[in-house]
Amino acid sequence: MRDIVVATTNVNKVKRIQLLLKDLNYNVISLKEAGINLENIEEPKETKSTPVEIAMEKAIYYAKFLPINTIVLSQDDTIQFEGISPEDNPGLHIKAPVIKKYGKFTDEYAAEYYKNLATKYGGSIPIKFKYGHAIALRIEDGREVTKVLGAESKLEGRLVNKINKLETVSGYFLSSLMEVNIDGKWICYNELDNESVIKINSDLYGSILS
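Just so you know, these numbers come straight off a predicted model, no measurement behind them.

## Points about the packing of aromatic side chains
Okay, step 1: Enumeration over the complete set of coordinates arrives at 9 aromatic pairs.
Okay, step 2: Here the aromatic rings of Tyr-61 and Phe-65 are separated by 5.3 Å at their centres, their planes lie at 70 degrees, and the arrangement is edge-to-face.
Okay, step 3: Note on Phe-65: relative accessible area 33%, which makes it partly exposed.
Okay, step 4: An aromatic cluster is built from Phe-81, Phe-105, Tyr-113, Tyr-114 and Phe-173, whose rings are joined through pairwise contacts.
Okay, step 5: Across from the ring centre of Phe-105, 5.2 Å away, lies the NZ or CZ of Lys-95, which sits over that ring.
Okay, step 6: Its guanidinium or amino end placed over the ring of Tyr-102, Lys-101 lies 5.6 Å from that ring's centre, counting from NZ or CZ.

See the structure below:
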């Protein structure tokens, strides 16, 4: 069975992609499981302006640290809030307003910042995640070439002003503040069972498969 290496240092993101791809005939593994010592390499620089382009950057970057013909899957996402002023909409820069306010970024500071933002707008804000995915494959046929493909998807929900079990979602603070609608009922993302996670991420799953 062939490996797919998920090019992220976020453990929760790896677990979510593993869950979505569990029925495929691949081993979905982390960079660490692929033998990458993350302490020895820098985070990739994000210079592009869309989730797909940034995902492509990440996939190409991490592919160079892995053996030839290793499949590398990366993901990037942006947040779009609806009905709020432009200066409160972080877009590509979800960490920036947190760092500006607190001087550094932590899950705790981020959760507090975005909880207060939801409070500012009446307790909840419609939210849309736009995901970019990319697959990179470094091959060698006379010369070294990296092939890369990208696709986009989305997930809709709402940001609320109640932090739910932040300690259970290290590296993915928004899942403690985001609710999604499952069959007419709003449920916090980090309270979803596996079946519900797969259901609401069907668009994300299709993006990866494409």
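That was the structure; now back to the text.
## Overview of the nonpolar core
Okay, step 1: Membership of the largest hydrophobic core comes to 41 residues, with the highest contact counts inside it found for Phe-81, Tyr-114, Phe-129, Leu-159 and Tyr-189.
Okay, step 2: With 6 residues, the single largest contributor to this core is helix α4 (residues 107-120).
Okay, step 3: With residues near it in sequence (within four places) discarded, Leu-159 still touches Phe-81, Tyr-114, Ala-118, Gly-123, Ser-124, Ile-125, Ile-127, Leu-174 and Leu-177.
Okay, step 4: In this structure, Ile-36, Ile-41, Ala-55 and Val-72 belong to the second largest nonpolar core, which totals 15 residues.

Analysis parameters
- Residues numbered from 1 in each chain as written.
- Predicted model: local features only at pLDDT ≥ 70, side-chain atom pairs only at ≥ 80, totals over all residues.
- Heavy atoms only, no water.
- Phe/Tyr/Trp six-rings, centres within 6.5 Å; stacked < 30°, edge-to-face > 60°.
- Buried < 20%, exposed > 50% of the residue type's maximum accessible area, 1.4 Å probe, protein only.
- Lys NZ or Arg CZ within 6 Å of the ring centre and 35° of its normal.
- Core = buried A, V, L, I, M, F, W, Y, C linked by side-chain atoms within 4.5 Å.
- Helix = DSSP H or I, 4+ residues; strand = E, 2+ residues; numbered from the N terminus.
- Contact = heavy atoms within 4.5 Å.

No statement about biological role is implied by the geometric values presented.
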